[in-house]
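Here are the chains, one letter per residue:
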Amino acid sequence: QVQLVESGGGLVQPGGSLRLSCAASGNIFTIYNMRWYRQAPGKQREMVADISRFGATNYPDSVKGRFTISRDNAKKLVYLQMNSLKPEDTAVYYCNADVSAGVLISAQNYWGQGTQVTVSS
């Protein structure tokens, strides 16, 4: 089993910054893609950042240029640096990862429990 634990959420004013962290632990051999999703009240969960095992990143237009995803493979951590935050960025942010437990074991997808980000004056 694999656990993903997010931290770093909170209340921030419009235009401010936050850095989210997600720590992976458990039965881990290889972590492939890691992602951040968010879900605002009444809306569908949406992917806001994706990073491959080798550091290739992908963002939707809504956050491109404001959010930056990074990872530390040795420490099994993924980060989301969020700058120029807007009220519409308010949501629960979830960590997501594809993890394999062994060389010949297919990767499974895991979710964290989420951390609240509120952007308000």
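Please refer to the structure placed before this passage.
All figures in this text were calculated on a predicted structure; none of them were measured in a lab. (Residues numbered from 1 in each chain as written. Predicted model: local features only at pLDDT ≥ 70, side-chain atom pairs only at ≥ 80, totals over all residues. Heavy atoms only, no water.)

A look at the state of the cysteines
Under the definition given, this model contains one disulfide. Residue pairing for Cys22: its cysteine sulfur links by disulfide to Cys95, the two sulfurs lying 2.1 Å apart. The chirality of the disulfide connecting Cys22 with Cys95 is left-handed, given an S-S dihedral of about -85°. Of this pair, Cys22 sits in strand E3 (residues 18-26) while Cys95 sits in strand E9 (residues 91-100), and the two are 73 residues apart along the sequence. By relative accessible area, which is 0% here, Cys22 ends up buried. Accessibility expressed as a relative area gives 0% for Cys95, which makes it buried. (Disulfide = S-S within 2.5 Å. Helix = DSSP H or I, 4+ residues; strand = E, 2+ residues; numbered from the N terminus. Buried < 20%, exposed > 50% of the residue type's maximum accessible area, 1.4 Å probe, protein only.)

Quick word on a nonpolar patch on the surface
Together, Phe29, Val103 and Leu104 give the surface a local cluster of nonpolar side chains, amounting to about 400 Å² of exposed area. The topology assignment puts Val103 in the loop between E9 and strand E10 (108-111). Using a relative accessible area of 67% as the deciding quantity, one classes Val103 as exposed. (Patch = residues over 30% accessible without salt bridge, like charges linked within 9 Å, V, L, I, M, F, W, Y side chains within 5 Å. Areas by Shrake-Rupley, 256 points an atom, 1.4 Å probe, with all protein chains shown as cover. Salt bridge = Lys/Arg side-chain N within 4 Å of Asp/Glu carboxyl O.)

Observations regarding the pattern of salt bridges
Summed over the entire model, instances satisfying the criterion amount to six salt bridges. Residue Arg38 pairs with Glu46 through a salt bridge whose shortest N-O separation is 2.7 Å. Given a relative accessible area of 6%, Arg38 falls into the buried group. Using a relative accessible area of 33% as the deciding quantity, one classes Glu46 as partly exposed. Asp61 is the partner of Lys64 in a salt bridge, and the nearest nitrogen-oxygen pair spans 3.4 Å. There is no split in this pair, since Lys64 and Asp61 are both exposed. Taken together, the shared-partner salt bridges connect Arg38, Glu46, Arg66 and Asp89 into one network.

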